[in-house]
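Summary of the model geometry
Each chain, letter by letter, is given below.
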Amino acid sequence: MEDIVYLDNAAATRLDERVLEVMKPYLFDTYAVATSQFGYLPGIEAKDALDAARGRMAAALGATLEEFIFTSGSTESSNLAIKGVAMALGEKKGRHIITTRIEDFAVLYSARALEKQGFQVTYLDVDKLGRVDLDRLRSAITPETILVSVQAANQEIGTLQDVAAIAELCQEHGVLFHTDATHSFPRVPLDVRQVPVDLVTVTAHLIHGPKGVGGLYVRKDTPLGKWMDGGFQEFNLRPGSENIPGAVGFAKAVELATPEETARLQGVRDRLIERLLQVPYSQLNGHPTLRLPHNANISFRFVEGESVLLHLDMRGFAVSTGSACFSRSLEASHVILGIGGNHERAHGSVRFTFGRFNKDEDVGAVAEAITEVIERLREISPLGKDR
Amino acid sequence: MYSEEILKHFQNPQNVGAMEDADGFGQGTGGKKCPEDVAHFWIRVTQGRIAEVKQKTRGCPVAIAASSLTSVLAEGKTLEEAQQITEEKVAQVLGEMPERKLDSIVGPRALQAAIADYQVQQTK
């Protein structure tokens, strides 16, 4: 993939060698399972490494060691958060959950699974930039509400939510608040000492860490059922042998995702958006300023996203699209439709997401390529004759 | 990965463009799974044969390739022969594709609509 300009870093990222280096000892040398301090030496060393990684993850969120558990990724984290709260409070307090229409699938389908079990779920509409309206959220809360789950940032259009305000609103009403920070952590800071959020989903594979490792911040004393059955690992919340190389790698990946790097990515993103909006009949999806620092999402009228993607692929660029033609679910992007876009806007949407290994000159190269591709596809398109 | 046939037509679609004073014009839209895909076909008919065909298509790679292939298959055919150009036939020539992509084969629909348009005009 070295000769490819990879602009799909919201789907997966290349592992950083420095992450691999810190993982290696726990794959080849100290590969033992974590034991108690009275176990054998390699097991104690493994436990120490896990604790150190946990400490660094917790610190990155302003949490304490006991408040962070490792999982297999953000899908598992969000399942645990949502179903765990439902298990813990469904009988005791109520069976109503609030989320949004534009959440990622792990949250959306966890909520749908609970609906089948008799829970009531409110899917909040968002505005045309993808933001949740606080008054609308406030009026959706009932005495039956046990959990609000609103993403920190959107996976497709990059819009950031006002997590602090939502957290405070939930706290005021005595409702637990979960946020899926898969796409924002740690590039968009979130400090749980300042923000009264109860559960936070994070993942390693989008920040040049290893695949198959994620985490969940669980505020102390948050009622949470054990959703998966097995051993007593991760404070008896997440059974299964710990992925110690993964945990160590995750902590390193977080350390390497510096604010300086985030600022660089944001500069690259802004230049790309500026260039792409020069293409006639193009439109930015998502919020112009309150958006992920590495995400640009543009809809081009009169063309279809998968055709754009294939032409770009042939020119050596990897991007993503919200077109139904490309999705496994055969449905147009629920996010673009959720912000009031029509099917045509979803059909022609293209997402560009940057990462550490993108070079500044990638912007010019992809902007030039896409300008050409759009022009070519519009020449053969029967639509927009008056353009 | 798409078949060579699909990639060939996608990269170099044939008979692209609109036709002035066409003898027949038709539009085809995608099925349930790809309702945004759309093709326009124009035909010129000389002595019962399709002498010229032009097409424009918006859609996924299969839609674009299918319209291109449809137009190539239709050239020089009698109307009766051209009426045999179906989605299934085009799909067969294009080669392997995900099943749902059958919904994006909009070219034959547009071609058949253009032939029907021509025939209606003849009866006037």
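See above for the structure.
Let us look at the structure shown here. Quick caveat, the model's predicted, so the values are computed rather than measured.

**Comments concerning the overall build of chain A**
- When you go through chain A residue by residue, the secondary structure sums to 14 helices and 13 strands.
- Counting only C-alpha atoms and orienting by the principal axes, one finds that chain A spans roughly 75 × 50 × 35 Å.
- Relative to its full complement of 387 residues, chain A shows a buried share of 60%.
- A separation threshold of at least 6 residues defines the contact pool for chain A, and within that pool the share at least 24 residues apart is 72%.
- In the form shown here, chain A has an accessible surface area of approximately 16,100 Å², with 52% of it arising from carbon and sulfur atoms.
- Taking the average location of the 41 positive side-chain charges in chain A and that of its 51 negative ones, the two points are 2 Å from each other.

**Quick word on the overall build of chain B**
- From N to C terminus, chain B includes 5 helices and 3 strands.
- Listed N to C, the secondary structure of chain B is α-β-β-β-α-α-α-α in terms of helices and strands.
- At 13 Å, chain B has a C-alpha radius of gyration in line with the 14 Å of a compact globule built from 124 residues.
- Seen through its C-alpha atoms, chain B measures out along the principal axes to roughly 45 × 25 × 25 Å.

**Concerning the nonpolar core**
- With 66 residues, the main nonpolar core has L272(A), F300(A), V308(A), F352(A), I370(A), I43(B) and I50(B) as its most contacted residues.
- When sequence neighbours within four positions are dropped, the list of residues in contact with V308(A) reads V303(A), V350(A), I370(A), V373(A), I374(A) and L377(A).
- Within the second largest apolar cluster, 58 residues are counted, among which are M23(A), A49(A), L61(A) and A346(A).

**Topic: helix α1 (residues 4-11) of chain B**
- Taken together, the buried positions of α1(B) are I6(B), L7(B), H9(B) and F10(B).
- Looking at the buried side of α1(B), the elements it contacts are α11 (305-314) of chain A together with α2 (61-74) and α4 (87-94) of chain B.

**Comments concerning the interface of chain B and chain A**
- Contacts between chain B and chain A engage 22 residues on the former and 24 residues on the latter.
- Counting the surface lost from both chain B and chain A, the interface buries some 2,000 Å², and carbon and sulfur atoms represent 65% of this.
- Remark: the boundary between chain B and chain A carries 2 salt bridges.
- A salt bridge links E306(A) to K101(B); its shortest N-O distance comes to 2.5 Å.
- One can count 8 residue pairs in polar contact (both at pLDDT 80 or more) joining chain B with chain A.
- Of all the secondary structure elements, the ones that give two or more residues to the side of chain B that touches chain A are α1, β2 (38-46), β3 (49-58) and α2 of chain B.
- Looking at side-chain class alone, the side of chain B that touches chain A contains 10 nonpolar, 5 polar and 7 charged residues.

**Describing the side chain of T35(A)**
All names here are of chain A.
- Mapped onto the fold, T35 is located in the loop between α2 (25-28) and α3 (41-61).
- The class for T35 is buried, based on a relative accessible area of 15%.
- At a separation of 3.4 Å, a polar atom in the side chain of T35 contacts the main-chain amide nitrogen of I44.
- Residues in contact with T35, not counting those within four places in the same chain, are Y40, G43, I44 and K47.

**Observations concerning the layout of surface pockets**
Residues and elements named next belong to chain A.
- Of the pockets and cavities examined, the largest pocket occupies roughly 1,200 Å³.
- Surrounding the largest pocket, 37 residues form its lining, D104, F105, Q155, E156 and H334 being those nearest its centre.
- The biggest single contributor to the lining of the largest pocket is helix α5 (residues 105-116), with 5 residues.
- When grouped by side-chain class, the residues that make up the lining of the largest pocket number 11 nonpolar, 17 polar and 9 charged.
- Counting the residues that make up the lining of the largest pocket, at least three belong to each of domain 1 (17-256) and domain 2 (258-384).
- By volume, the second largest pocket amounts to about 400 Å³.
- For the second largest pocket, the lining is made up of 17 residues, of which M1, I4, Y6, R14 and F357 are closest to its centre.

**Things to note about the pairing of strand β13 (residues 349-353) of chain A**
All names here are of chain A.
- By the criterion of burial, β13 is predominantly enclosed, with 5 of the 5 residues buried.
- The two faces of β13 match: S349, R351 and T353 on one face and V350 and F352 on the other face are all buried.
- Direction of pairing for strand β10 (residues 295-300) relative to β13: antiparallel, over a ladder of 5 bridges. Residue pairing across strands places S299 opposite S349, the latter belonging to β13.
- Bridge analysis of strand β12 (residues 320-321) against β13 gives 2 bridges, and the strand direction is antiparallel. Considered in β13, the bridge of S320 is made with R351.

**Some points on the packing of aromatic side chains**
All names here are of chain A.
- This structure, assessed with the given rule, holds 5 aromatic pairs over all chains.
- Of note, R14 hangs over the ring of F357, and the distance from its end group to the ring centre comes to 4.2 Å.
- Across from the ring centre of Y109, 4.8 Å away, lies the NZ or CZ of R112, which sits over that ring.

**Overview of the packing of α2(B) against helix α5 (residues 107-123) of chain B**
All names here are of chain B.
- In the contact formed by α2 and α5, the axes pass within 8 Å of each other and the chain directions differ by 40°. The orientation of α2 with respect to α5, classified from their angle, is oblique. Residues S67, T70 and A74 of α2 lie in contact with α5, whose contacting residues are G107, P108 and L111.
- Of the residues belonging to the contact of α2 with α5, the class tally is 3 nonpolar, 3 polar and no charged.

The rules behind these values
- Residues numbered from 1 in each chain as written.
- Chains lettered and ligands numbered in written order.
- Predicted model: local features only at pLDDT ≥ 70, side-chain atom pairs only at ≥ 80, totals over all residues.
- Heavy atoms only, no water.
- Helix = DSSP H or I, 4+ residues; strand = E, 2+ residues; numbered from the N terminus.
- Buried < 20%, exposed > 50% of the residue type's maximum accessible area, 1.4 Å probe, protein only.
- Contact = heavy atoms within 4.5 Å.
- Areas by Shrake-Rupley, 256 points an atom, 1.4 Å probe, with all protein chains shown as cover.
- Lys, Arg positive; Asp, Glu negative; His and termini not counted.
- Charge placed at Lys NZ, Arg CZ, Asp CG, Glu CD.
- Rg over C-alpha atoms; globule rule 2.2 N^0.38 Å.
- Core = buried A, V, L, I, M, F, W, Y, C linked by side-chain atoms within 4.5 Å.
- Buried area = accessible area lost by both parts, 1.4 Å probe.
- Salt bridge = Lys/Arg side-chain N within 4 Å of Asp/Glu carboxyl O.
- Polar contact = N/O pair within 3.5 Å; in protein donor to acceptor, adjacent residues only side chain to side chain.
- Nonpolar A, V, L, I, M, F, W, Y, C, P; charged D, E, K, R; others polar.
- 1 Å grid on protein atoms, 1.4 Å probe; cavity = no way out; pocket = protein on both sides within 12 Å on 5 of 7 lines; lining within 4 Å.
- Points joined across faces, edges and corners; volume = space filled by probe spheres on them.
- Domains from an automatic or database assignment.
- Pairing = 2+ DSSP bridges.
- Phe/Tyr/Trp six-rings, centres within 6.5 Å; stacked < 30°, edge-to-face > 60°.
- Lys NZ or Arg CZ within 6 Å of the ring centre and 35° of its normal.
- Axes fitted to C-alpha atoms, helices over the stretch in contact; angles between N-to-C directions.
- Parallel < 35°, antiparallel > 145°, perpendicular 65-115°, else oblique.

In short, geometric facts, not functional conclusions.
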